Amino acid sequence: MDNSDSIVIDPELAERAESDDLHTLGVEEEYLLVDAVEPRAVEAVEEVFDQLPAETRDSVQHEFMRSQIEVASPPQLELDALAKALRELRATVADAAEAAGARLLAIGTGPAIGGQIRVVDNPRYHRMRERFGDLSPGAGMCGTHVHVSIPDDETGVQVLNHLRPWLPIFQAATVNSPLFKGRDTSYASWRFMLWERWPTVGPAPYLRSFQDYETMIADLEASGAMLDEGMLYWYARLSARYPTVEIRMGDVMPTTDDAVLLAALARALVATLVKEVRAGVPAPDVPHPLLMAAHWRAAHDGLEGLNIDMATREPRPAWKLMRQLFDYVRPELERHGDLETATTLMGRLRTHGTGAARQRAILAQGGSVADVVDRFARLTRGERPEK
């Protein structure tokens, strides 16, 4: 729901990125808090904050519901540094959750039946609840947001235009919420289907300029569809706080490996598209209904089914489209020093499947929703998936 405090980039890191024409990146992750024994979500965020060490608090924020908590990594150039920061944040917040009698869960939405969860006691959140009603039912919706630096806002707007056809396959890779209130929803990302009900959720429209972008924000605020710029819930947008493009349509991912792969691919894609913008390559003309169909397909199938090839407008296996994305951004993966790590992590994702596939595999083996929560709490903490 975008309530993060500002994180300042290290000046030396920023200078190095600029001199080498590289892009920094950072990741925000939202987590669910569940009971220490039962799989239900619990209102434990304040108790968890009380247990956090002082040096971590600047990187941890409240989210919309009292059963959620969010972390934000500092901006990084090296993928290993990003992975280390995320692992440490997950472990520290998981420790605090356990000290508060709860567990930390990297999962898209509450998989188990539970009691009514209230919004965090924050004036902005209360205004949102009064304006928009019960658009966030259950325990809340937990996503992943990847920030990639851009040279300026005008370039950033053109990057948003170029990003539109690629985001459905990004979304397919992040699906991690097939279960809701104790049952399989038949969707790989039920969180996405719940999130779609907010009035400003959707693909960014084609924008001619940064002025066009600012005008659109002002018009949406004037319409009452959002309270402020933080409620611009497009699948990709310009950050209101940082000089970044923010890719934000995905579920929170079960492991740090998954999140780091997504971040590496996001950076490589943005870097590739910045070059296309500089070269004057026009953004693809992708019809909005086809984009919506592709995003729906991503939420339904994940990587285990089909999605739409935006070049041919035909359904293709989603994993082939994922491979196509990887090959397209390979030069920038290599230029940023990420190719070896990304190749390894892509192989792990192929082997273990998306979060949704892993949850369903537990159920297929005779497990319960409680077993899913137990296993995913361990994955969130950093335990390696089974081979």
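About the thresholds
- Residues numbered from 1 in each chain as written.
- Predicted model: local features only at pLDDT ≥ 70, side-chain atom pairs only at ≥ 80, totals over all residues.
- Heavy atoms only, no water.
- Helix = DSSP H or I, 4+ residues; strand = E, 2+ residues; numbered from the N terminus.
- Rg over C-alpha atoms; globule rule 2.2 N^0.38 Å.
- Buried < 20%, exposed > 50% of the residue type's maximum accessible area, 1.4 Å probe, protein only.
- Contact = heavy atoms within 4.5 Å.
- Areas by Shrake-Rupley, 256 points an atom, 1.4 Å probe, with all protein chains shown as cover.
- Lys, Arg positive; Asp, Glu negative; His and termini not counted.
- Charge placed at Lys NZ, Arg CZ, Asp CG, Glu CD.
- Axes fitted to C-alpha atoms, helices over the stretch in contact; angles between N-to-C directions.
- Left-handed = near helix turned anticlockwise from the far one by under 90°.
- Nonpolar A, V, L, I, M, F, W, Y, C, P; charged D, E, K, R; others polar.
- Parallel < 35°, antiparallel > 145°, perpendicular 65-115°, else oblique.
- Core = buried A, V, L, I, M, F, W, Y, C linked by side-chain atoms within 4.5 Å.
- Polar contact = N/O pair within 3.5 Å; in protein donor to acceptor, adjacent residues only side chain to side chain.
- Pairing = 2+ DSSP bridges.
- Expected span 1.5 Å × (residues − 1).
- Bend = angle between axes of the 7 residues up to and from the residue.

Across its full length, the protein carries 14 helices and 11 strands. Computed over its C-alpha atoms, the radius of gyration of the protein comes to 19 Å, within 12% of the 21 Å expected for a compact globule of 387 residues. With the C-alpha coordinates aligned to their principal axes, the bounding extent of the protein is approximately 55 × 45 × 45 Å. Relative to its 387 residues, the protein shows a buried fraction of 58%. In the protein, 77% of the contacts between residues at least 6 apart in sequence involve partners at least 24 apart. Entry remark: accessible area of the protein is about 15,400 Å², with carbon and sulfur atoms responsible for 50%. Across the protein, 41 positive and 59 negative side-chain charges occur, with their mean positions spaced 6 Å apart.

Before going further, it helps to spend a moment on the packing of helix α3 (residues 79–99) against helix α9 (residues 256–278). It is the contact of α3 with α9, at a shortest axis distance of 10 Å, that shows an interaxial angle of 145 degrees. Crossing angle aside, the handedness with which α3 passes α9 is right-handed. Only Thr256, Ala259, Val260, Ala263, Ala264 and Arg267 of α9 make contact with α3, whose side of the interface consists of Leu79, Leu82, Ala83, Leu86, Arg87 and Arg90. When its residues are assigned to classes, the contact of α3 with α9 shows 8 nonpolar, 1 polar and 3 charged.

Further remarks concern the environment of Ser136. Tracing the backbone shows Ser136 in the loop between α4 (123–132) and β5 (143–149). Taking the relative accessible area as the measure of exposure, Ser136 reaches 5% and is therefore buried. For the pair Ser136 and Leu194, spaced 58 residues apart in the sequence, the C-alpha separation amounts to 7.2 Å. Residues contacting Ser136, with those up to four places away along its chain left out, are Phe64, Met65, Met141, Arg197 and Trp198.

What follows is about the packing of helix α13 (residues 355–364) against helix α14 (residues 369–381). Remark: α13 packs on α14, axes separated minimally by 9 Å, with the N-to-C direction vectors making an angle of 130 degrees. Regarding the angle of α13 to α14, the classification is oblique. Crossing geometry of α13 relative to α14 is assigned as right-handed. Counted together, Gly355, Arg358, Gln359, Ile362 and Leu363 of α13 and Val369, Asp371, Val372, Arg375 and Phe376 of α14 form the full contact between these two elements. Along the lines of polarity and charge, the residues of the contact of α13 with α14 split into 5 nonpolar, 2 polar and 3 charged.

Here we take up the nonpolar core. The biggest cluster of nonpolar side chains holds 120 residues, and the ones touching the most others in it are Ile69, Leu163, Trp198, Tyr213 and Met322. With 14 residues, the single largest contributor to this core is α9. Grouped together as the second largest cluster of nonpolar side chains are 6 residues, Val286, Leu290, Ala294 and Ile308 included.

In this fold, Thr144 is placed in strand β5. Separated by 20 residues in the primary sequence, Thr144 and Arg124 place their C-alpha atoms 21 Å from one another. Each residue touching Thr144, except ones within four places of it in the same chain, is listed here: Val27, Glu28, Ile247, Arg248, Gly250, Asp251, Val252, Met253 and Leu262. Here the side chain of Thr144 touches Met253 through a polar contact of 3.5 Å, landing on its backbone nitrogen.

Quick look at the side chain of Ser189 now. Within the secondary structure, Ser189 is located in the loop between β7 (183–184) and α7 (190–195). Within polar-contact distance, the side chain of Ser189 engages the side chain of Ser177 at 3.5 Å. For Ser189, the contacting residues outside a window of four places in its chain are Val175, Ser177, Asp251 and Ala299.

With that settled, the discussion passes to the pairing of strand β9 (residues 244–251). Within β9, 8 of the 8 residues are buried, leaving the element largely enclosed by the surrounding structure. With 6 bridges connecting them, β5 and β9 associate as antiparallel partners. For Val146, the partnering residue across the bridge sits in β9 and is Ile247. Relative to β9, strand β8 (residues 236–238) is paired through 3 bridges, and the arrangement is antiparallel. Pairing of Ala236 across the sheet is with Ile247, part of β9. Between β8 and β9, which pair antiparallel and follow one another directly, the connecting turn spans 5 residues.

For helix α11 (residues 318–335), with 18 residues, the first-to-last C-alpha span of 26 Å sits near the 26 Å given by 1.5 Å per residue. Maximum bend of α11: about 55 degrees, positioned at Val329, with proline Pro331 one to four residues after it. Turning to α11, its buried residues are Ala318, Trp319, Leu321, Met322, Leu325, Phe326, Val329, Glu332 and Leu333. Packing partners of the buried residues in α11 comprise α6 (167–174), α9, β10 (306–309), β11 (314–317) and α12 (339–352). Looking one or two residues past α11, Gly337 carries a phi angle of roughly 80 degrees, positive in sign.

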